[in-house]
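Now for the letters of each chain:
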Amino acid sequence: MPKVVTRFAPSPTGFLHIGGARTALYNWLFAQHHGGKFLLRIEDTDRKRSSDEAIDAILHGMKWLGLDWDGEAVSQFAQAERHREVAYAMLESGHAYKCYATPEEIAERRDAARANGTSFRGDIWRDKDTTDVAEGTPFSVRIKMPREGEVTITDHVQGDVTVQNSELDDMILLRSDGTPTYMLSVCVDDHDMGVTHIIRGDDHLNNAFRQYQIYEAMGWDVPEFAHIPLIHGPDGKKLSKRHGALGVEAYEEMGFLPEALRNYLLRLGWSHGDEEIISTSQAIEWFTLGNVGRSPARFDFDKLDNLNGHYLRNTDSKRILELIEGTLSDAIGHAPTAEEKEKVILSIPAVSERAKRLPDIVDNVSCFCNIRPLALDDKAAKTLSGDDIKTMLSGVIAQLAGLSDWTLDTIKPAIMEFAEANELKLGKVMQPVRAAVTGGKQTGDLIDTLVILGKEETLSRLADQTAD
RNA sequence: GGUCCCUUCGUCUAGUGGCCUAGGACGCCGCCCUUUCACGGCGGAAACACGGGUUCGAGUCCCGUAGGGAUCACCA
């Protein structure tokens, strides 16, 4: 068995969308699983629709997701000369022929056929005598498809699929301007790059039969195929740029961790028994094409959120800080100081417990920075608006101010003592203190919060709420 | 319309003829924990599209119907 070589071949007409990301993931995983290679090729043969921005977006998306490819990303357009060479070889061997029909003529014939309920195979010049054609007349090169028989492809996901050769059209290999089409280019590149397994979207299943004939005509080994189902939007409709499909950078901006998205994408259409949380190394060990489902899946943000929350909780605080530093600066209006960062890091474990996305952490962790006077949310404002709250808070300040040690073991007894002395329930004291000190943010255990904040900051915030 | 593919809880899925009175996860509902919030724990509602076969026995195999999807470019 030859070494496994897979590839991801996006066209640079936009960002790397979620479906493409999953296709790339599966290709990457399959190659890793077999100790093979994973190649990246940019399908830029359509010069008009390709852009460098799109290429950058795709490369960035791949890197962010952690899908590293072997060697350099290859430009398909750069191989145009080789593709042309193959087209001419097919012309030479009689597997292709010149077509002098104009695009208008073709369109006309196609429309007529459609109206008749028949199909048009583009074969106007297939058997025509070309001796009368004037020198220099532009022509395209079309493949001469077999008209008899059928081909069965054993797809690694879809199983045996059979198509009658009579269904195949004489597709164009070389446009009349001499540029190769995608259909030709993919075959040549996949062959030249030694790709053994083509794992791609379901939408290419029909193309496999057309491409099969190119391999046959050239006498090349036909690669293995695996056509994975497409991803649909929450409403069950196909995900497209117009319809809810987002680039992976959008998920990055929304605050998802790449490992969470990877895990989600892996489970969307693939399974290993009841496993849900799957590490990358585990995924590499377990991934096989046979476990890929055959029906399209819907994208579900709730599940992604849940998974992301799991990974957030298990991520080192320092890394979280690095990830949120930029947005945190925006939130507090200045770049966090070293002292603020220290407090933020201490608060991250507790805050992460209740977060689904990075912005949730930023929002709650922001109150550990020096942003007095603290803005209060509605609930906190209401808690602090009660009768005698100011007096009570002043009492708490007095109680706490006397503490020489500011720790878990000194603060809690002090507050309890204060509550008892004033015949107040603990909650009646804790809730206003929490509101005054956090402004309503979710920060975990109150005493922990006070410890992290420090004595001075705590007392200042409390004092802020006793002033008129 | 032609061709091809698909069809288990709302969603992602387990299931490869008996282990299925169909399991897990997300979401939802209830309870517990609790100084807030969340996490967590416990419990609950919730599905084999339909109709025929084959078989001692079908979610699992075959056929049909319905529904969904893909594709039919000098785009990729």
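Presented here is a report on the structure given in the accompanying data block. Here the structure is a predicted model, which means the values were calculated and not measured. (Residues numbered from 1 in each chain as written. Chains lettered and ligands numbered in written order. Predicted model: local features only at pLDDT ≥ 70, side-chain atom pairs only at ≥ 80, totals over all residues. Heavy atoms only, no water.)

**Notes on the overall build of chain A**
Heads up, the rule is: Strands are runs of DSSP state E lasting at least two residues, helices are runs of H or I lasting at least four, and both sets are numbered from the N terminus onward. In this count, Lys and Arg are taken as positive residues and Asp and Glu as negative ones, while His and the chain termini are left out. To locate a charge, the coordinates of NZ of Lys, CZ of Arg, CG of Asp or CD of Glu are taken.
Assigned secondary structure in chain A consists of 19 helices and twelve strands. Considering chain A, the positive charge centre built from 52 side chains and the negative charge centre built from 74 side chains are found 3 Å apart.

**Some details on the protein's contact with RNA strand B**
Definition in use: Nearness is defined per residue: one heavy atom within 4 Å of the molecule or strand is enough. Any pair of N or O atoms that falls within 3.5 Å is considered a polar contact. Within protein, one atom must be able to donate a hydrogen and the other to accept it, and sequence-neighbouring residues count only if both atoms are side-chain atoms.
RNA strand B sits among 59 residues. The nearest are Arg175, Gly269, Arg354, Gln442 and Asp445. Of everything in RNA strand B that lies within 4 Å of the protein, sugar and phosphate atoms constitute 68%. With respect to RNA strand B, the backbone of glutamate 43 contributes an N or O atom lying 3.1 Å from a sugar or linking oxygen. Contact distances for RNA strand B include 2.9 Å between a sugar or linking oxygen and a backbone N or O atom of arginine 267. Contributions of two or more residues to the surface near RNA strand B are made by helix H4 (103-116), strand S7 (159-164), helix H5 (182-192), helix H6 (205-218), strand S12 (297-298), helix H10 (301-313) and helix H17 (426-438).

**Description of the environment of threonine 131**
Relative to the helices and strands, threonine 131 is located in the loop between H4 and strand S5 (140-143). Side-chain polar atoms of threonine 131 contact the side chain of aspartate 129, separated by 2.8 Å.

**Comments concerning the packing of helix H3 (residues 80-92) against H5**
A pair of packed helices is captured by two measures, namely the crossing angle of their axes and the spacing between those axes. In plain terms, the rule: Axis definition: a line fitted to C-alpha atoms, over the contacting stretch in the case of helices. Angles run 0 to 180 degrees between N-to-C directions. Relative orientations are named as follows: roughly parallel for angles under 35 degrees, roughly antiparallel for angles over 145 degrees, roughly perpendicular for angles from 65 to 115 degrees, and oblique for any other angle. Working rule for contacts: check all heavy atoms of both residues, and any pair within 4.5 Å makes them a contact. Polarity classes work like this: nonpolar for Ala, Val, Leu, Ile, Met, Phe, Trp, Tyr, Cys and Pro, charged for Asp, Glu, Lys and Arg, and polar for all others, with Gly in that last group.
Between H3 and H5, whose axes approach to 10 Å, the crossing angle comes to 105 degrees. The orientation of H3 with respect to H5, classified from their angle, is roughly perpendicular. Along the contact surface, H3 presents Arg82, His83, Val86 and Ala87, while H5 presents Leu184, Ser185, Val188, Asp189 and Asp192. Taken together, the residues of the contact of H3 with H5 break down into four nonpolar, two polar and three charged.

**Some thoughts on the sheet that holds S5**
Our working definition: We call two strands paired when DSSP finds no fewer than two bridges between them.
One open sheet holds the three strands; their spatial order is S4-S5-S8, and the pairing between them is antiparallel. Among the strands making up the open sheet, the edge pair consists of strand S4 (96-99) and strand S8 (172-174). Averaged over neighbouring strand pairs, the angle between their axes works out to 40 degrees when direction is ignored. Strand direction decides the pairing type here: S5 and S8, joined by two bridges, are antiparallel. By the bridge assignment for S8, arginine 142 is matched with isoleucine 172.

**Topic: the pairing of strand S1 (residues 5-8)**
So the rule is basically this: Burial classification: accessible surface area is computed with a 1.4 Å probe over protein chains only, and a residue below 20% of its type maximum counts as buried, one above 50% as exposed, and the rest as partly exposed. Looking down the strands as they point away from the viewer, one classifies a crossover as right-handed if the path from the first strand across the helix to the second runs clockwise.
Neither face of S1 is left uncovered, since the one carrying Val5 and Arg7 and the one carrying Thr6 and Phe8 both have all their residues buried. Examined bridge by bridge, S1 and strand S2 (residues 37-42) share four bridges and lie parallel to one another. When the sheet's bridge partners are listed, arginine 7 is paired in S2 with leucine 39. Note on the crossover from S1 through helix H1 (residues 18-33) to S2: the handedness is right-handed.

**Concerning the sheet that holds S1**
Pairing in this open sheet of three strands is parallel, and the strands run S1-S2-S3 from one edge to the other. Of all the strands in the sheet, the pair left with one neighbour each is S1 and strand S3 (74-75). The pairing of S2 with S3 spans two bridges and is parallel. Counterpart to arginine 41 in the pairing with S3 is valine 74. Here H1 sits on the sheet and contacts S1 and S2; the angle it forms with S1, its principal contact strand, is near 165 degrees. Contacts between helix H2 (residues 52-65) and the sheet are confined to S1 and S2, with S2 contributing the most and set at about 160 degrees to the helix.

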